[in-house]
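Here is what each chain is made of, one letter per residue.
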Amino acid sequence: SNQDIVLDVNGIEVIYNHVILVLKGVSLTVPAGRVVALLGGNGAGKTTTLRAVSSLLKGERGAVTKGSIELRGERIENMTPSDLVQRGVVQVMEGRHCFAHLTIEENLLAGAYTRRDRGEISANLEKVYNYFPRLKARRTSQAAYTSGGEQQMCAIGRALMTNPSVVLLDEPSMGLAPQIVEEVFEIVRDLNAKENVTFLLAEQNTNMALRYADYGYIMESGRIVMDGAADELRNNEDVKEFYLGMY
Ligand code: ATP
């Protein structure tokens, strides 16, 4: 039923700087409680799609000029990022890991800026530490002196401090060693299974993403060119030839 669809992106066009057409009619749906991967090479439009959903386009001089985006049936394409955080949608941006000069714990607490209840915040912090024991071990370390993997975990942890139901995760594997990528994806899987967090994740690492996602969409030049169940895509000859060889 329609109620099970948490995100419904319907034919969106996105233009940057009033002239550069980057998304040329993108449609996708994200069912509640699933992990959906948005795949494709550099510049395909994955980040732009996530930004459209989380309303982060404005800061980049971009705009949704056609189509609609619905969160549980409510139109959201004209909302602000904080409207979306209040509705449980948060984005973990690619490469923007943590505030370098703050400790891991200060970074996590910074994620709770919209919330007031101290008891709830500290319970949430414990929950994040429970999923990311590495962050707990490094809680008093300045983020600048932690590893790339720990900083990626910190960025995800900070997003979790907003208590989201939907996390938009942009290239979590970026710049990380395969073993750390695996560790990050294991935690994503755990959060999905135990906390029922829905994920829409953009990845160039098709192979890894399809091992953890339920469903995948493949983008090329601002369009979805293929979609299917993760297992189906992994076994698809075209996907194998064009995307799985990449990693
Ligand atoms: P990547 O993995 O490199 O982030 P992507 O699939 O996420 O790739 P986007 O970042 O969405 O792709 O970029 C899609 C296209 O939009 C690219 O051609 C890019 O150059 C262009 N683009 C992205 N951001 C902007 C911007 N702020 N202004 C103008 N053009 C942009």
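In every chain, residue numbers begin from 1 and rise along the written sequence. In view of the model being predicted, local features appear only for residues whose pLDDT reaches at least 70, and side-chain atom pairs are presented and counted only at 80 or more, with totals across whole chains, interfaces and linings using the full set of residues. Hydrogens and water molecules were not included; the side-chain quantities draw on all heavy atoms of the structure.

1. A look at the overall build of the chain
Rules: Helix numbering and strand numbering both begin at the N terminus, where a helix is a DSSP run of H or I of at least 4 residues and a strand a DSSP run of E of at least 2. Within these notes, the globule rule equals 2.2 Å times the number of residues to the 0.38 power, and the radius of gyration is based on C-alpha atoms. Relative accessibility under 20% of the residue-type maximum defines a buried residue, over 50% an exposed one, and the middle range a partly exposed one, all with a 1.4 Å probe and only protein chains included. Note on definitions: a residue-residue contact is assigned when non-hydrogen atoms from the two residues lie within 4.5 Å. Note that accessible areas follow from Shrake-Rupley with a 1.4 Å probe, and for residues the cover is restricted to the protein chains shown. Counted as positive: Lys and Arg. Counted as negative: Asp and Glu, with His and the chain ends omitted from the count. The location of each charge is read from NZ of Lys, CZ of Arg, CG of Asp or CD of Glu.
The helix and strand tally for the chain stands at ten helices and ten strands. Taking 247 residues into account, the globule formula puts the C-alpha radius of gyration at 18 Å, and the chain, at 17 Å, falls close to it. Dimensions of the chain, computed from C-alpha atoms along their principal axes, come out at roughly 45 × 40 × 35 Å. Counting the 247 residues in the chain, one finds 50% classified as buried. A separation of at least 24 residues holds for 69% of the contacts in the chain among residues at least 6 apart in sequence. Here the chain has roughly 11,600 Å² of accessible surface; of this, 46% comes from carbon and sulfur atoms. The centroid of the 26 positive side-chain charges in the chain is displaced by 5 Å from the centroid of its 31 negative side-chain charges.

2. Section: the pattern of salt bridges
Quick reminder of the rule: Put simply, a salt bridge is a Lys or Arg side-chain nitrogen that is within 4 Å of an Asp or Glu carboxyl oxygen.
Evaluation of the coordinates by the stated rule reveals 14 salt bridges. A salt bridge links E182 to R211; the shortest N-O distance between them is 2.5 Å. You can see E182 sitting in helix α7 (residues 178-195) and its partner R211 sitting in helix α8 (residues 206-212), a full 29 residues away along the chain. Taken together, the salt bridges that share partners define one network made up of R134, R138, E150 and E183.

3. Thoughts on the nonpolar core
Heads up, the rule is: Remark: nonpolar core denotes a set of buried residues (Ala, Val, Leu, Ile, Met, Phe, Trp, Tyr, Cys) joined through side-chain atoms within 4.5 Å.
Counting residues in each nonpolar core, the largest one holds 48 residues, and the members touching the most others are L108, F132, L135 and F199. Take this core: its biggest share by element is seven residues, from α7. Leave out the neighbours within four places in its chain, and L135 touches I104, L108, V128, Y129, E150, M153 and C154.

4. What about the site of the ligand?
What counts, and what does not: Proximity is defined per residue: any heavy atom of the residue falling within 4 Å of a molecule or strand makes that residue near it. Polar contact criterion, stated in full: a pair of N or O atoms within 3.5 Å, where within protein one must be able to donate a hydrogen and the other to accept it, and residues adjacent in sequence count only if both atoms are side-chain atoms. In the scheme used here, Gly and all other residues not listed as nonpolar or charged are polar, with Ala, Val, Leu, Ile, Met, Phe, Trp, Tyr, Cys and Pro taken as nonpolar and Asp, Glu, Lys and Arg as charged.
Taken together, 17 residues form the shell around the ligand, and within it N42, G43, G45, T47 and T48 come nearest. E60 places a main-chain nitrogen or oxygen 3.4 Å from a nitrogen atom of the ligand. Between E171 and the ligand, the recorded distance is 3.2 Å, taken from a side-chain N or O atom to an oxygen atom. Expressed as a share of its isolated accessible area of 620 Å², the protein-covered part of the ligand is 70%. The residue makeup of the shell around the ligand, split by class, is four nonpolar, eight polar and five charged.

5. Looking at the sheet that holds strand β8 (residues 198-203)
Hydrogen bonds between backbone groups are what pair the strands of a sheet, and the pairing can be parallel or antiparallel. Going by this rule: When DSSP finds two or more bridges between two strands, those strands count as paired. Every axis corresponds to a line fitted to the C-alpha atoms, with the helix fit spanning only the stretch in contact, and the corresponding angles, defined between N-to-C directions, vary from 0 to 180 degrees.
Spatially, β6-β7-β8-β3-β9-β10 is the arrangement adopted by the six strands of the open sheet, whose pairing is mixed. Sheet topology places β6 (89-92) and β10 (223-229) at the edges, where each strand pairs with a single neighbour. Sheet twist, expressed as the average angle between the axes of neighbouring strands with direction ignored, equals 15°. In the sheet, strand β3 (residues 35-39) pairs with β8 via five bridges, with the strands oriented parallel.

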